[in-house]
Structures are given as C-alpha cells and as structure tokens.
Amino acid sequence: MSAGSEPRRSERDLRLDFFRGIGMFIILIAHIPGNAWINWIPARFGFSDATEIFVFCSGMASAYAFARVFDRHGQAIGTARIGLRVWQIWWAQIGVFVAVLAAMIVADRMFATDSYTRTLQFDRFFADPASGILGLVTLTYVPNYFDILPMYLVILGMIPLVMAVERLAGGRVVLVLLGLLWLAAQARITALPADPWSERVWYFDPAGWQLVFFTGFGFVRGWLPAPPRSKTLVVLALLLVLVSIPFTWLPMVRSLPFLQASHEELRPLFAKTPFGLLRHLHFLALAYLAWLAVGPAGQRLKGVLVEQVVAVGRQTLAVFLSGIVLARILGVVLDQLGPGWLVTLLVNLAGMAALLAVARVVQWYKDTPWTRRTPRPSPPAAMGAEGRPPDATVGKAAPRVSCAAS
C-alpha cells in the first residue's frame, strides 16, 4: 500500500487495530503459565505466531505515526519524536519488570514457596541485585519473559537512520540494507548480551526481527507494493499455511519419525531468535489471507465483538504491559485452583475482559473528559418564607392601578 493511495483513517485504523487486538489476546493466552489454551494458538500450527502480528502492525503504525513527522518537520524533529517514544518504552520495560517481580514475591509469600520467582529465574537477580539493576537499565539483563519490548525499542531506534537513507537514496536502497542486516542476524553475528551472569543472548534479535517490522513500514511508505487480489496468490498462501501444519503441530511431528527429522532439519529456517525465513513467509501468507478475509477497507469487520477487539488494538502498549503482568497473576490462580477445563475457561475469559477494561480506561483518559465544557446548571430559585417561590414581580416595577378600579 503506497503512501499516495492511503485509505481514509477510519478504514485504515479499523483493520490495523483489529489485527493488533487479536494479537494482544493471543499473546495473553500464550503467556499464562500452565494454560491449556496455549495448545490451540496459531503458533502451534505454523511457523509464525502472535509476535509477528505485534511487530508487523507496529511497523505499519509507526509509518503512519512517526514517518509523517519526518516528512512534515524534518530529520531533527523526527528523531526527537522517536527519542521520546524510545524513552517511554525504556521506562515501560523497567516498570513491567518491577511489577511482575513484586507480584511474584507476593505470590511466593502468600503460598509459602519460591517457585513463582524461581520460574522466571529471579533467583539470579536476588543473588546479585547490583548487577541485575545495572543490567536492567542498560538492557544487558533481558530475562526471557521480558524480551519483546527491548527488541521493539531497538527497532524504533533504527527509524531515524532508515528515514535518512530513504530521503538520500530511496526506499529500494533501504530494503537492500535491511536485507543485509537480516542476513547478519542469520549468521548470528548481531547477538546482544542478555544476562550479566552467563553467555545468554537476546531471545529476539532486533537485527532479524526488523525485517517483519519494516515490511509493514515499507507497505505504508510505498517501498513495497500492495499484493493484488489474486486467486493464484490465495492458493499459494493456503498451501503454505496448510503444508506447514504437519511440520509444526507437535502431536503429529512426534508421531512420525519422518516429520520429526524434517522438523529438526527445518528448525534453522523458523528459528525465533534470528527470525528465520520460514517465519516470515508463513506470516505473510497468513496476513494476505486475513487481509482478503476482512474485505476491502475492512468492510466485513462489523458487530459488537469486533468493536471490543478494535478497542483493545487501539491501546496496544498499555494493553501489552498490563497483559504481561496479568498473565503471571492468572498463572498463579490457575496453579492454585487446578487446571480444570472450567477454571481454565474462566481464567482466560477473565484475562480477556481485563484487557478490554484496560483499553477502555486508557481511551477514557486519552479523551480527557475533564477538558470538555458542560453546561452549568442554573441556580435554583430562592424560596419564600412559606416555601413558595417569591412573586414574579419582585424586582420589577409594580403595575399601575387605576382610580376607577379602586
């Protein structure tokens, strides 16, 4: 989709926010420990998962929100705008870490255990908090559960350089350079340290994951043409999605030695850390089918349920941060009550309802209702001594009475 053929904002936001909302619900389900629903998320039936939805849609949203600042105000102001967002994401990373850490400490003390903090490997942090805090603020301590925002932060920081190259050399040169950076990630030469106590590296390598981010970014900027509505492409996309199932659905993989061997051979191509090629192709196939399914300008996206999903998608950052904290708390609830089907159902529905509540509250604050002018009610009329309103003639000249009347 080129910038010149951009749809109206309401149409664009409906589709983008709908898919972002879907991604937020899937990410919540995937992060609840012991959640049986995790066996039915898209990641279990293909090479890509909800992370691609989040990153791709963030790329599109960033092109709409941030690239226009560069277009209108120049490189310096655009870079400053990105700097503000990076600053916000950095603080969000620290805040969500502290919130989850506090919640798990409370859970451990409440149930006389250390399993909840130990599961997230906070024991290392407790053993050497000075290194942990220094690593947290420098992003050299990135625990596995807290690894999406740092990746997103680094990719956002690439936007000023990308916009400078676009202005000087054009979008095609940008794509070539980003492709080379992705190849460097496949060679594992861009790994970043994730732990001050070991050789562990970031689970999401920004040099690899920038490919899906800037694919969404590039569709909006016009570097990449919008795919045509083609039966051939539909068939190819369906084939890729269906063929990937036997190689990724673990019950099937484990049942046949051939599939298990193929799964291991293909693993480098769908590895999550460097963002393997099969992940990208699988996601693009799913995205193309979803784009067609919602109809032109999202005309099939109607109904109360769609409205709730869109509301969540419009507040992605707040919902994501809340979901990260909420998922661990719901995992404690699930662990204490037992993983029965009814408890699992209620836990997941409660989590989804909480995300929707967060989205609604954040939207209410963004609407700044305290700045709206409301009509001031007229003061009530004063009551007379006998509880009756005073005579209407009070304060007015009394009517003249003729002599004849008297």
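Residues numbered from 1 in each chain as written. Predicted model: local features only at pLDDT ≥ 70, side-chain atom pairs only at ≥ 80, totals over all residues. Heavy atoms only, no water.

### Notes on the overall build of the protein
- Looking only at helices and strands, the protein has 16 helices and zero strands in total.
- Taking all 406 residues of the protein together, the buried fraction comes to 44%.
- Partitioning the intrachain contacts of the protein with sequence separation of at least 6 by distance along the chain shows that 75% fall at a separation of at least 24. (Helix = DSSP H or I, 4+ residues; strand = E, 2+ residues; numbered from the N terminus. Buried < 20%, exposed > 50% of the residue type's maximum accessible area, 1.4 Å probe, protein only. Contact = heavy atoms within 4.5 Å.)

### Points about the packing of aromatic side chains
- Counted by the stated rule, this structure contains 32 aromatic pairs.
- Aromatic pair Phe97 and Phe125: ring centres 5.4 Å apart, planes at 65°, arrangement edge-to-face. Residue Phe97 is located in helix H3 (residues 75-110), and its partner Phe125 is located in helix H5 (residues 122-127); the two are separated by 28 residues in the primary sequence. The pair Phe97 / Phe125 is uniform in exposure class, with both members buried.
- Chaining the aromatic ring pairs together yields one cluster made of Phe97, Phe122, Phe125, Phe126, Tyr141, Tyr145, Phe146 and Trp197.
- The residue whose ring lies beneath Arg328 is Tyr145, and the NZ or CZ to ring-centre distance is 4.8 Å. (Phe/Tyr/Trp six-rings, centres within 6.5 Å; stacked < 30°, edge-to-face > 60°. Lys NZ or Arg CZ within 6 Å of the ring centre and 35° of its normal.)

### Looking at the pattern of salt bridges
- Scanning the model with the defined rule gives 11 salt bridges in all.
- Taking the shortest distance from any N to any O, the salt bridge between Arg20 and Asp17 comes out at 2.9 Å. One end of the pair is Arg20 and the other is Asp17, both in helix H1 (residues 9-31) and three residues apart, which spans about a single turn.
- When its relative accessible area of 4% is taken as the criterion, Asp17 is described as buried.
- With a closest N to O distance of 3.2 Å, Asp114 and Arg118 form a salt bridge.
- On the basis of relative accessibility, which here comes to 45%, the residue Arg118 falls in the partly exposed class.
- A network of salt bridges, in which partner residues are shared, links Asp49, Glu52, Lys272 and Arg279. (Salt bridge = Lys/Arg side-chain N within 4 Å of Asp/Glu carboxyl O.)

### Quick notes on the packing of helix H9 (residues 206-221) against helix H13 (residues 277-293)
- The geometry of H9 relative to H13 is characterised by a closest axis approach of 10 Å and an angle of 25° between their N-to-C directions. The angle between the axes of H9 and H13 places the two elements in the roughly parallel class. Judged by the sense of rotation from one axis to the other, the crossing of H9 with H13 is right-handed. Where H9 approaches H13, its residues Trp209, Leu211, Val212 and Thr215 are matched on the opposing element by Arg279, His280, Phe283 and Leu284.
- Residue composition of the contact of H9 with H13, by class: five nonpolar, two polar and one charged. (Axes fitted to C-alpha atoms, helices over the stretch in contact; angles between N-to-C directions. Parallel < 35°, antiparallel > 145°, perpendicular 65-115°, else oblique. Left-handed = near helix turned anticlockwise from the far one by under 90°. Nonpolar A, V, L, I, M, F, W, Y, C, P; charged D, E, K, R; others polar.)

### Quick look at helix H15 (residues 316-337)
- Relative to the 32 Å expected for 22 residues at 1.5 Å per residue, H15 spans 30 Å between its end C-alpha atoms, a close match to the ideal helical length.
- After H15 finishes, the residue Gly338 shows a positive phi value of roughly 100°. (Expected span 1.5 Å × (residues − 1).)

### Overview of the nonpolar core
- Val100, Phe122, Ile159, Phe213, Phe214 and Phe217 are the most contacted members of the largest nonpolar core, which totals 94 residues.
- Here this core gets 13 residues from one element, more than from any other, and that element is helix H2 (residues 50-73).
- Listed in part, the six residues of the second largest apolar core include Ala237, Val241, Ala285 and Leu292. (Core = buried A, V, L, I, M, F, W, Y, C linked by side-chain atoms within 4.5 Å.)

### A few points about the confidence of the model for the protein
- Averaged over every residue, the pLDDT of the protein is 90; residues scoring 70 or more account for 89%.
- A low-confidence stretch, residues 392-406 (pLDDT under 50), is modelled with zero contacts involving residues beyond four sequence positions or located in other chains. (pLDDT = per-residue confidence, 0-100.)

### Things to note about unusual backbone geometry
- In this model, Phe275 sits at a positive phi of 65°, which is unusual for a non-glycine residue.
- One can find Phe275 in the loop between helix H12 (257-266) and H13.
- A relative accessible area of 0% places Phe275 in the buried class.
- The phi torsion at Thr368 lies on the positive side, around 40°, for a residue other than glycine.
- Under the relative-accessibility criterion, Thr368 is labelled partly exposed at 27%.

### Digging into a nonpolar patch on the surface
- On the surface, Val173, Val176, Leu177, Leu180 and Leu183 cluster together to form a nonpolar patch covering roughly 440 Å² of accessible area.
- Within the secondary structure, Leu177 sits in helix H8 (residues 171-186).
- For Leu177, a relative accessible area of 44% puts it in the partly exposed group. (Patch = residues over 30% accessible without salt bridge, like charges linked within 9 Å, V, L, I, M, F, W, Y side chains within 5 Å. Areas by Shrake-Rupley, 256 points an atom, 1.4 Å probe, with all protein chains shown as cover.)

### Focus on the packing of H2 against H3
- Between H2 and H3, whose axes approach to 7 Å, the crossing angle comes to 155°. It follows from the interaxial angle that H2 and H3 lie roughly antiparallel. Here H2 and H3 pass one another in a crossing that is right-handed. Between H2 and H3, the contacting residues are Phe66, Val69, Phe70 and His73 on the first element and Gln75, Ile77, Gly78, Thr79, Arg81, Ile82 and Arg85 on the second.

### Some words on the environment of Ala50
- When you line up the elements, Ala50 lands in helix H2.
- Judged by its relative accessible area of 7%, Ala50 is buried.
- Spatially, the C-alpha atoms of Ala50 and Phe25 are 9.0 Å apart, while their sequence positions differ by 25 residues.
- Apart from residues lying up to four places away in sequence, Ala50 is in contact with Gly23, Ile26 and Ile27.

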